[in-house]
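As a plain string of letters, each chain reads:
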Amino acid sequence: MAMHDTSTVISELKTLVAQFVAERDWQPFHDPKNLSASIAIEAAELMEHFQWLRSDELSQLKDNPKKMQEIEEELADILAYVVSFASTMGIDLSSALQKKMVKNAVKYPIEQCKSRAN
C-alpha cells in the first residue's frame, strides 16, 4: 500500500519505523543519544547535496532524477530518525509542532518579518 502526505497520519509513520526497527532487534541501539546523533548525521548528508552550489544552480537539482532520488532518500532517513526519536521520548509530533508554531508566531510577528530573512 502506497503512502502519501495527503492521506498518511503520523501514527502510521511511527508504526512503519517501529516495525522496521523491531524486526531487526535494533531497539537497544535506538536510544535518544544515538537517534539525535543520527538525525544530525543524516541532515549533514542532505546538506552535502547543496554544498558549493550557488543559489542560481539550485533549480537544476529538481531536473536531475538521480540527485532528486538521493535527496529524497536522505530526507526519508531524517524523517525515520525523527519519528523514532519522538516515539522513544514519548513526544507527540503534531502537538509539538503546533505548540512551536504558536511560539514562533509570537517571536516572528508577520508585520515585522514578512518577506525578510533576518
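Here the structure is shown first, and the text comes after it.
Residues numbered from 1 in each chain as written. Predicted model: local features only at pLDDT ≥ 70, side-chain atom pairs only at ≥ 80, totals over all residues. Heavy atoms only, no water.

Chemist: Account for unusual backbone geometry, with residues named and values stated.
Modeler: Look at Asp25: it is not a glycine, yet its phi comes out positive at around 55°. With respect to the helices and strands, the residue Asp25 is situated in the loop between α1 (10-23) and α2 (32-48). Residue classification places Asp25 among the exposed positions, given a relative accessible area of 52%. In the Ramachandran plot, Trp52 falls in the positive-phi region, its phi being about 75° despite a non-glycine side chain. (Helix = DSSP H or I, 4+ residues; strand = E, 2+ residues; numbered from the N terminus. Buried < 20%, exposed > 50% of the residue type's maximum accessible area, 1.4 Å probe, protein only.)

Chemist: Please provide a residue-by-residue account of a nonpolar patch on the surface, values included.
Modeler: Together, Phe20, Trp26 and Phe29 make up a nonpolar patch on the protein surface, roughly 310 Å² of accessible area in all. Following the sequence through the fold, Phe29 ends up in the loop between α1 and α2. (Patch = residues over 30% accessible without salt bridge, like charges linked within 9 Å, V, L, I, M, F, W, Y side chains within 5 Å. Areas by Shrake-Rupley, 256 points an atom, 1.4 Å probe, with all protein chains shown as cover. Salt bridge = Lys/Arg side-chain N within 4 Å of Asp/Glu carboxyl O.)

Chemist: Could you give an account of the environment of Tyr81, with specific residues and numbers?
Modeler: As for its position among the elements, Tyr81 is in helix α4 (residues 65-89). Tyr81 sits 39 residues away from Glu42 along the chain, and the two C-alpha atoms are 8.8 Å apart. Once residues lying within four places of it in the same chain are set aside, the contact partners of Tyr81 are His30, Leu35, Ser38, Ile39 and Glu42. (Contact = heavy atoms within 4.5 Å.)

Chemist: Can you lay out the packing of α2 against α4 for me, pointing to particular residues and giving the numbers?
Modeler: One way to put it is that α2 packs onto α4 with a least axis distance of 9 Å and a crossing angle of 160°. For the element pair α2 / α4, the angle class is roughly antiparallel. Between α2 and α4 lies a crossing whose hand is left-handed. Each of Pro32, Leu35, Ser36, Ser38, Ile39, Glu42, Ala43, Glu45 and Leu46 in α2 lies in contact with α4, whose residues at this interface are Ile71, Glu74, Leu75, Asp77, Ile78, Tyr81, Val82, Ser84, Phe85, Thr88 and Met89. Here the contact of α2 with α4 is built from residues that sort into 12 nonpolar, four polar and four charged. (Axes fitted to C-alpha atoms, helices over the stretch in contact; angles between N-to-C directions. Parallel < 35°, antiparallel > 145°, perpendicular 65-115°, else oblique. Left-handed = near helix turned anticlockwise from the far one by under 90°. Nonpolar A, V, L, I, M, F, W, Y, C, P; charged D, E, K, R; others polar.)

Chemist: I'd love a proper account of the environment of Ser38, names of residues and values included.
Modeler: Relative to the helices and strands, Ser38 resides in helix α2. For Ser38, a relative accessible area of 17% puts it in the buried group. Measuring from C-alpha to C-alpha, the distance between Ser38 and Asp77 comes to 8.8 Å, with 39 residues separating the pair along the chain.

Chemist: Account for α2, with residues named and values stated.
Modeler: The end-to-end C-alpha distance of α2 is 24 Å, a good match for the 24 Å that 17 residues give at a rise of 1.5 Å each. Of all the residues in α2, the buried ones are Leu35, Ser38, Glu42 and Leu46. Take α2 and look down its axis: the buried residues cluster within an arc of 75°, on one side only. Along α2, the residues that are exposed and aim more than 90 degrees away from the buried face are Lys33, Met47 and Glu48. Contacts from the buried residues of α2 go to α4. (Expected span 1.5 Å × (residues − 1). Arc of directions from axis to C-beta.)

Chemist: Residue-level account of α4, with values.
Modeler: Relative to the 36 Å expected for 25 residues at 1.5 Å per residue, α4 spans 36 Å between its end C-alpha atoms, a close match to the ideal helical length. What α4 keeps buried is the set Ile71, Glu74, Ile78, Val83, Ser84 and Ala86. Its buried side turned inward, α4 meets α1, α2, α3 (58-62) and α5 (93-107). In this structure Asn64 caps α4, since a side-chain oxygen of it lies 3.1 Å from the backbone nitrogen of Lys66. Phi for Gly90, located one or two positions after α4, is positive at around 70°. (Polar contact = N/O pair within 3.5 Å; in protein donor to acceptor, adjacent residues only side chain to side chain.)

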